[in-house]
Amino acid sequence: DQQVKQNSPSLSVQEGRISILNCDYTNSMFDYFLWYKKYPAEGPTFLISISSIKDKNEDGRFTVFLNKSAKHLSLHIVPSQPGDSAVYFCAASLPYGQNFVFGPGTRLSVLP
Amino acid sequence: EPEVTQTPSHQVTQMGQEVILRCVPISNHLYFYWYRQILGQKVEFLVSFYNNEISEKSEIFDDQFSVERPDGSNFTLKIRSTKLEDSAMYFCASSELGQGWDTEAFFGQGTRLTVV
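Just so it is clear, the model here is predicted, and its values are computed rather than measured.

Q: Mind showing me how you'd approach the overall build of chain A here?
A: Looking only at helices and strands, chain A has zero helices and 11 strands in total. Along chain A, helices and strands appear, N-terminal first, in the series β-β-β-β-β-β-β-β-β-β-β. For a compact globule of 112 residues, the expected C-alpha radius of gyration is about 13 Å, and chain A comes in at 13 Å, within 12% of that figure. Each of the 112 residues in chain A was classed as buried or not, and the buried ones make up 49%. Counting only contacts in chain A whose residues sit at least 6 apart along the sequence, the fraction spanning at least 24 positions is 54%.

This is the structure in structure tokens:
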């Protein structure tokens, strides 16, 4: 039961360009979405989040867009840097839920 | 910067043995979680803990698993009789508020459990 999907297992982007990571979800009751970044041998690190009452949230180089009707969110990284190379997980939670549901992750490689 | 710390970083155990994974959540956080990631698979929720009791658990979290907050700082995950399929990275996380309040969780660096 894949409630949170990240259909691209990997993505390669040139340094300085935009990285766009996509995430789709099936449960329309999810109301809070997060992106985590994970380096090898480390735990997931929180990156940015968005509540379902918004359609965009921006933090420096990172912007998350939410399209509720399409049940789709995306993470934009501009400009991409080699240090952004990591696995990016999309996660979602229900109202008053006590856990996150994670997507399978997308491995981003930013090429110098 | 406050962080969630987990020990050990790597634990190797024989099948059928008990293991205890330890975590020190961020000090002012009230909600604690365990997640796991089997190699090559996604991060899966195991259990959440608040006010000294389990608030939610997944179907993975069966009778072989238990959690405890033995003192004011540690949060432990015990697996009573390990199976080969328990081999995974186990992540502890904590948050100031529950997920229903739109707050992020902070993860530890993980404990790699290998059952042989």
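Q: Quick question: what am I supposed to make of the interface of chain B and chain A here?
A: When the parts come together, some accessible area is lost, and that loss is often what is quoted as the size of the interface. Counting residues at the interface gives 21 residues for chain B and 25 residues for chain A. Between chain B and chain A, roughly 1,900 Å² of surface is buried when both sides are summed, and carbon and sulfur atoms account for 58% of that area. Here chain B is connected to chain A by zero salt bridges. At the junction of chain B with chain A, the criterion picks out two residue pairs in polar contact (both at pLDDT 80 or more). Class assignment for the residues of the side of chain B that touches chain A results in nine nonpolar, eight polar and four charged.

Q: Any chance you could explain the side chain of T63 of chain A here in plain terms?
A: By the secondary structure assignment, T63 of chain A is in strand β7 (residues 62–67). Since its relative accessible area comes to 11%, T63 of chain A is described here as buried.

Q: Just checking my understanding: could you explain the environment of V43 of chain B for this structure?
A: Residue position: V43 of chain B is located in strand β5 (residues 43–50). With near-sequence residues (within four places) excluded, V43 of chain B lies in contact with F89 and F102 of chain A together with Y35, R36 and Q37 of chain B.

Q: Is there a simple way to think about the sheet that holds strand β7 (residues 65–68) of chain B in this case?
A: Within a sheet, adjacent strands bond to each other through the backbone by hydrogen bonds, running parallel or antiparallel. Residues and elements named next belong to chain B. The four strands lie next to each other as β1-β3-β8-β7, forming an open sheet whose pairing is antiparallel. Both edges of this open sheet fall to β1 (5–7) and β7, since each of them pairs with a single strand only. Across the sheet, the mean angle from the axis of one strand to that of its neighbour is 20°, orientation sign disregarded.

Q: How should the pairing of strand β6 (residues 53–57) of chain B be read in this particular structure?
A: Moving residue by residue along a regular strand, the side chains alternate between the two faces of the sheet. All names here are of chain B. In terms of strand pairing, β5 meets β6 through four bridges, oriented antiparallel. Within β6, the residue paired with V47 across the bridge is K57. Connecting the antiparallel pair β5 and β6 is a turn made up of two residues, with N51 showing a positive phi of about 55°.

Q: Looking at this structure, I do not really get the packing of aromatic side chains. What am I missing?
A: Any aromatic ring pair is given by two values, namely how distant the centres are and how the planes are angled relative to each other. Tallying each qualifying case throughout the model produces 19 aromatic pairs over all chains. Ring geometry for Y36 of chain A against F102 of chain A: centres 5.8 Å apart, planes inclined by 45°, an arrangement best described as tilted. Here Y36 of chain A is found in strand β4 (residues 32–38), whereas its partner F102 of chain A is found in strand β10 (residues 101–102), with 66 residues between them in sequence. Comparing Y36 of chain A with F102 of chain A, the two get one shared label, buried. One aromatic cluster in this structure is built from Y36, F46, F89, F100 and F102 of chain A together with Y33, Y35, F45 and F107 of chain B.

Each value, and the rule that gives it
Residues numbered from 1 in each chain as written. Chains lettered and ligands numbered in written order. Predicted model: local features only at pLDDT ≥ 70, side-chain atom pairs only at ≥ 80, totals over all residues. Heavy atoms only, no water. Helix = DSSP H or I, 4+ residues; strand = E, 2+ residues; numbered from the N terminus. Rg over C-alpha atoms; globule rule 2.2 N^0.38 Å. Buried < 20%, exposed > 50% of the residue type's maximum accessible area, 1.4 Å probe, protein only. Contact = heavy atoms within 4.5 Å. Buried area = accessible area lost by both parts, 1.4 Å probe. Salt bridge = Lys/Arg side-chain N within 4 Å of Asp/Glu carboxyl O. Polar contact = N/O pair within 3.5 Å; in protein donor to acceptor, adjacent residues only side chain to side chain. Nonpolar A, V, L, I, M, F, W, Y, C, P; charged D, E, K, R; others polar. Pairing = 2+ DSSP bridges. Axes fitted to C-alpha atoms, helices over the stretch in contact; angles between N-to-C directions. Phe/Tyr/Trp six-rings, centres within 6.5 Å; stacked < 30°, edge-to-face > 60°.

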